[in-house]
Amino acid sequence: MSKRGTILGLLSVGAVAVLVVAEIATSGSGTGKRAAPALPSQVLRGPRVDLASLRGKPALVNFWASWCAPCKQEAPELERLARSRHGQARLVGVDWNDTTANATAFVRQQGLTYPILRDGSSEVGRRFGLTGLPTTFVLDSHGQIAEVLLGPQTESSLREALGSAG
């Protein structure tokens, strides 16, 4: 193979590599974000919250259950965040795949003061892409899922996630 043929071959391979990287980087919306699905309509602790009421500032949607040990560990961190933001944390809890009685007892025992919705059928969790508990979906000010936090979080990690989404 001539020197010219080798150079053309390498340039072709390089061009294909650039195109592949560009396609991967720009696939989908290009931002890696997707619209958050509708929240459950059943309210365990008010006020009633929907996606429209969360828009305008970053928000957290935290899925949990009363039977989930890591959720019990995380609950005080979420409550600290809610209280430190004087109720303006844009935080909503979603009780997932649980009984109403157990969920209500959990909210009372943990002293949760932020809005809590119930996903008794697990359908909303499926639409969000829930893979385990606890999971917190960080929404940007437009209602797009900006980040997914798996496992129990701290007040600090939640603040950081809200700051990054804003």
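These remarks concern the structure in this document.

**Considerations on the side chain of Glu77**
Then step 1. Relative to the elements of secondary structure, Glu77 occurs in helix α3 (residues 69–84).
Then step 2. By relative accessible area, Glu77 is classed as buried at 19%.
Then step 3. Apart from residues lying up to four places away in sequence, Glu77 is in contact with Gln153, Thr154, Glu155 and Leu158.

**Brief notes about α3**
Then step 1. If you check α3, its first and last C-alpha atoms are 24 Å apart, about what 16 residues at 1.5 Å a residue would give, namely 22 Å.
Then step 2. Buried within α3 are the following residues: Cys71, Glu74, Ala75, Glu77, Leu78, Glu79, Leu81 and Ala82.
Then step 3. Against the buried residues of α3 lie β3 (59–64), β4 (91–96), α4 (100–110), β6 (135–139) and α6 (155–165).
Then step 4. Within two residues after α3, His86 carries a phi angle of roughly 55°, on the positive side.

**Considering the pattern of salt bridges**
Then step 1. Per the stated rule, a full pass over the model turns up 6 salt bridges.
Then step 2. A salt bridge links Arg159 to Glu155, with the shortest nitrogen-to-oxygen separation between them at 3.0 Å. Placement of the pair is Arg159 and Glu155 together in helix α6, with a separation of 4 residues, close to one helical turn.
Then step 3. Residue class for Arg159 comes out partly exposed when judged on its relative accessible area of 34%.
Then step 4. Exposure remark for Glu155: the relative accessible area of 19% places this residue in the buried category.

Conventions used here
- All residue numbers here refer to positions counted from 1 along the written sequence of the relevant chain.
- pLDDT decides what is reported in this predicted model: residues at 70 or higher carry local features, side-chain atom pairs at 80 or more are listed and counted, and totals for whole chains, interfaces and linings draw on all residues regardless.
- Side-chain measures were taken over the full set of non-hydrogen atoms in the model, leaving aside hydrogen atoms and water.
- Only DSSP runs of H or I reaching four residues or more are called helices, and only runs of E reaching two or more are called strands; each is numbered from the N terminus.
- Residue burial is assigned from relative accessible area. The probe radius is 1.4 Å, only protein chains are included, and a residue is buried under 20% of its type maximum, exposed over 50%, and partly exposed in between.
- Any two residues having at least one pair of non-hydrogen atoms within 4.5 Å are treated as being in contact.
- The span expected for a helix works out to 1.5 Å for each residue beyond the first.
- Any Lys or Arg side-chain nitrogen found within 4 Å of a carboxyl oxygen on Asp or Glu counts as a salt bridge.

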